[in-house]
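Read off the chains here:
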Amino acid sequence: MMKTPLDQKRRVCVIGAGTAGLCALKNSLEAGLDAVAYERGTEIGGTWIFSEEMPKDEYDEVHSSMYEGLRTNLPKEVMGYPDYSYPADIDESFITSNQVLEFLRSYAEHFKLKPHIKLQHEVIRVRPRLDDWEVYVWDHSTDTCDPVYYDFVYVCNGHYTEPDIPSVEGMDLFEGKKMHSHLYRKADKFKDERVLIIGAGPSGMDITNHVRMSAKQVFLSHHLSTTPNTAFMGNVTQKPDVQRFTPDGAVFTDGSTESFDHVLFCTGYKYTFPCLSTDVGIQVIDNFVQPLWKHCININHPTMAFVGLPFNVIPTHIFDMQVRFTLKFFTGQREFPSREQMIAELEQEIGERWGCGVHNHKKAHQMGERQFVYYNELANLAGIENIKPVIHKLMKDCGKKYIFELDTYRSNRYTIVDDENFLKNGKATS
Ligand code: FAD
């Protein structure tokens, strides 16, 4: 643990001011730490900022993948923080990106975070020293870059910016247009086109539902074992994986062929941490970030935590739990296990995951049903409050609907009645 004198507040650097970074900042301040969040953008909110801006050149990066017309795939009743909910007077449960952004702004306002957020400040290098962290921050407004020193670092830089595009035979031969969902903004770009959408995750399914309104024909290629219900999507045809591209289309693994004008890759994102130097001791192999204890603590330097790596989760709640969990250790109320024990626990968990047949680095941080075991673990280890049963129930209620009732499930209106119950469309559900 660091050697900051006891009469001096310990200093926390938060990288990013999206949903995760704001939560890390707020909880660090409440824990009595001296915290600053650096945000490279001109405003807070990360993912939830919709902008039609495109990269200016191959070195330029646009952060947000937000598109026009998005409505959340989780109800606002589970998207709030445990100690700060969405206003009850928003009628819909499934809300717009702008409503989420407004909510994050009000969270920052409510907890008086603004004086602790430095906008247009990009963290470009983080390096461990003997007793603390050296953080180089580039101030975009003055074009200066200075080192600052911190006891703890929260890495909250987001994971939906660097496209992951699979390499498929013949891709370079295809003469039509190609795009990754990261840069998808509006459906009318596809007006009267024949479009191939690859991937049926949350983005692929949702974007298919938008693009089909403008496009002449959409082919949705995926390898899900459960076929999504696209029956309602008149001009959408499901296809298996692409075997190879041709100059005007593709051959699929079932031997069928189609021609199309545009390919839209909804094939996910890569976890990247460009500002972390190699001596931070973290490596990423196919989105498996390691070595981490409990998916968040850097085992090689336990004064660094990553917030929000797990996916198929309730994002805001898991961010909040990870932050409250790590703070118990950072503030000395709990002691980290030995390095050996942390490594052994990591190996055991990964062994169990691989043992379940999920021998895929890309799924190392996937949670789904496991998330509730994970929340219990964090709560028990750190003695922190767990997620309320009603959140768990509500999440389960929504879970499968995304695949099977994509066209209708967003018309559900939920209300949280108490810690155990919610109302859906006026009917009590226990
Ligand atoms: P981000 O929101 O990406 O924030 C990261 C911040 O870090 C950004 O502001 C960025 O500018 C900043 N940053 C990055 N690097 C640096 C640096 N070096 N220095 C300084 N600042 C830096 N979740 C839901 O709960 N419900 C939904 O319906 C939902 N829909 C989604 C739809 C889309 C299209 C996408 C892409 C995601 C969706 N998500 C949804 C997931 C959503 O991204 C998370 O819920 C959450 O917003 C992620 O927050 P974050 O803080 O981890 O990342």
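For the structure itself, consult the block above.
If you're wondering where the values come from, they're calculated on a predicted model, not measured in any experiment.

Spatial strand order, 9-16-10-11-12: five strands in an open sheet with parallel pairing. The open sheet terminates on both sides in strands that have one partner only, identified here as strand 9 (177–180) and strand 12 (236–239). Across the sheet, the mean angle separating the axes of adjacent strands is 20° when strand polarity is ignored. For strand 9 and strand 16 (residues 262–265), the ladder comprises four bridges, and the chain directions are parallel. Its bridge partner lying in strand 16, K177 is registered against H262.

Taken across its 10 residues, helix 4 (residues 202–211) has eight buried, putting it largely inside the fold. Every buried residue belonging to helix 4 is among G204, M205, D206, I207, T208, N209, H210 and V211, and all of these are buried.

Quick look at unusual backbone geometry now. In this structure, the amide linkage connecting Q290 to the following residue, P291, adopts the cis form with an omega of 0°. On the secondary structure map, P291 appears in the loop between strand 19 (288–290) and strand 20 (292–293). Even without being glycine, Q120 reaches a positive phi, approximately 55°. Mapped onto the elements, Q120 comes out in the loop between strand 3 (117–119) and strand 4 (121–128). Judged by its relative accessible area of 29%, Q120 is partly exposed. Phi at D286 takes a positive value of approximately 50°, unusual for a residue other than glycine. Positionally, D286 belongs in the loop between strand 18 (283–285) and strand 19. On the basis of relative accessible area, D286 is assigned to the partly exposed category, the value being 48%.

Further remarks concern the pairing of strand 13 (residues 242–246). As judged from the four bridges shared by strand 13 and strand 14 (residues 249–252), these two strands associate in the antiparallel manner. Residue pairing in the sheet places F245 in a bridge with A250 of strand 14. Between strand 13 and strand 14, which follow one another and run antiparallel, lie two residues.

The next thing to look at is the packing of helix 1 (residues 19–30) against helix 5 (residues 315–330). Running from N to C, helix 1 and helix 5 point in directions that differ by 35°, and their axes come no closer than 9 Å. The handedness of the crossing between helix 1 and helix 5 comes out as right-handed. Note on element contacts: helix 5 touches helix 1 through T316, F319, D320, V323, R324 and L327, opposite T19, A20, C23, A24, N27 and S28. Counted by class, the contact of helix 1 with helix 5 contains six nonpolar, four polar and two charged residues.

Once that is clear, we can look at the packing of aromatic side chains. Scanning the model with the defined rule gives 27 aromatic pairs in all. Here F94 and Y409 contribute two aromatic rings whose centre-to-centre distance is 5.1 Å and whose plane-to-plane angle is 70°, an arrangement assigned as edge-to-face. One end of the pair, F94, is in the loop between helix 2 (76–79) and helix 3 (97–110); the other, Y409, is in the loop between helix 9 (401–404) and strand 23 (414–416), and 315 residues separate them in sequence. The class of Y409 is buried, set by a relative accessible area of 1%. A centroid spacing of 5.1 Å and a plane angle of 65° characterise the contact between Y107 and F111, whose relative ring orientation is edge-to-face. Exposure class is identical for Y107 and F111. Each is buried. Grouping aromatic residues by their ring pairs yields a cluster made of Y81, Y84, Y86, F103, Y107 and F111. Residue placement shows K26 over the ring face of F111; its charged tip is 4.8 Å from the ring centre.

Formed by 97 residues in total, the largest nonpolar core has its most connected members in L22, Y154, Y184, I197, V211, L264 and Y375. The leading source of residues in this core is helix 5, at eight residues. Discounting chain neighbours no more than four positions away, the residues touching I197 are G204, I207, T208, V211, V218, F219, L220, S221, L264 and C266. Core analysis: the second largest hydrophobic core is formed by 23 residues, V123, V126, Y271 and L276 among them.

What follows deals with the layout of surface pockets. Of the voids in this model, the second largest pocket is the one considered here, and its volume is about 730 Å³. Taken together, 33 residues line the second largest pocket, and the ones lying closest to its centre are Y81, P82, D83, H317 and K388. Elements with a contribution of two residues or more to the lining of the second largest pocket: helix 1, helix 2, helix 5, helix 8 (389–399) and strand 23. No other element matches the six residues that helix 5 contributes to the lining of the second largest pocket. Each residue belonging to the lining of the second largest pocket can be placed in one class, and the counts come to 12 nonpolar, eight polar and 13 charged.

Parameters at a glance
Residues numbered from 1 in each chain as written. Predicted model: local features only at pLDDT ≥ 70, side-chain atom pairs only at ≥ 80, totals over all residues. Heavy atoms only, no water. Pairing = 2+ DSSP bridges. Helix = DSSP H or I, 4+ residues; strand = E, 2+ residues; numbered from the N terminus. Axes fitted to C-alpha atoms, helices over the stretch in contact; angles between N-to-C directions. Buried < 20%, exposed > 50% of the residue type's maximum accessible area, 1.4 Å probe, protein only. Left-handed = near helix turned anticlockwise from the far one by under 90°. Contact = heavy atoms within 4.5 Å. Nonpolar A, V, L, I, M, F, W, Y, C, P; charged D, E, K, R; others polar. Phe/Tyr/Trp six-rings, centres within 6.5 Å; stacked < 30°, edge-to-face > 60°. Lys NZ or Arg CZ within 6 Å of the ring centre and 35° of its normal. Core = buried A, V, L, I, M, F, W, Y, C linked by side-chain atoms within 4.5 Å. 1 Å grid on protein atoms, 1.4 Å probe; cavity = no way out; pocket = protein on both sides within 12 Å on 5 of 7 lines; lining within 4 Å. Points joined across faces, edges and corners; volume = space filled by probe spheres on them.

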